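# Remarks on the overall topology
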Amino acid sequence: MKRPSLAPLVATALALLLPVAALSADVYRWTDDRGQVVYGTWVPERHRAQAVPANTPLPRGTSACEARWHRYLASAACFDQYRVVGGGLKPEAYKRCTEVPQPDPCT
């Protein structure tokens, strides 16, 4: 009898458990009043009690697709700290943040 492959399970576990690499310590995630997960460098006062650093492991049950979006949104929030007028980025952004391509929508 052929044993099922553990590769998809291991890949999902790694995606959920590995912290987001090279994120600035100033990027946080929290859930807003509408239930949406928000990433940013500034947390509104009413959400500070629940805000956690973006590189904190995701909750159990987070899908692989949601984990990909987490990495993307955390990366975007990191880069946003280094934006200058006109939309450019300061060079240190590439030293402190990791570029993550936008994932496909979750279905």
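The structure we're discussing is the one just above.
Quick summary incoming for the structure in this document. From a predicted model like this one, the values you see are computed outputs, not experimental measurements.

Counted under the stated rule, the structure contains two aromatic pairs. Look at tryptophan 69 and tyrosine 72: their rings are 5.5 Å apart centre to centre, the planes differ by 85 degrees, and that puts the pair in the edge-to-face class. Of this pair, tryptophan 69 and tyrosine 72 both sit in helix α2 (residues 64–80), three residues apart, roughly one helical turn.

By size, the foremost hydrophobic cluster in this structure holds 10 residues: Val27, Tyr39, Ala54, Ala74, Ala77, Cys78, Phe79, Tyr82, Ala93 and Cys97. The biggest single contributor to this core is α2, with four residues.

Rules used throughout
Every chain's residues receive numbers from 1 upward, in the order its sequence appears when written. In keeping with the predicted nature of the model, local features appear solely for residues at pLDDT of at least 70, side-chain atom pairs appear and are counted solely at 80 or more, and the whole-chain, interface and lining totals rest on all residues. Just so you know, side-chain values use all the structure's heavy atoms and leave hydrogens and water out. Paired rings are identified among Phe, Tyr and Trp, the last through its six-membered ring, by centres lying within 6.5 Å, and are further divided according to the angle between planes into stacked (under 30 degrees), edge-to-face (over 60) and tilted (the rest). Numbering goes from the N terminus for both helices and strands, where a helix is a DSSP run of H or I of at least four residues and a strand is a run of E of at least two. We call a set of buried residues a nonpolar core when its members are Ala, Val, Leu, Ile, Met, Phe, Trp, Tyr or Cys and they connect through side-chain atoms within 4.5 Å of each other. When accessible area is computed with a 1.4 Å probe and restricted to protein chains, residues below 20% of their type maximum are described as buried, those above 50% as exposed, and intermediate ones as partly exposed.

Nothing here speaks to function; it is geometry throughout.
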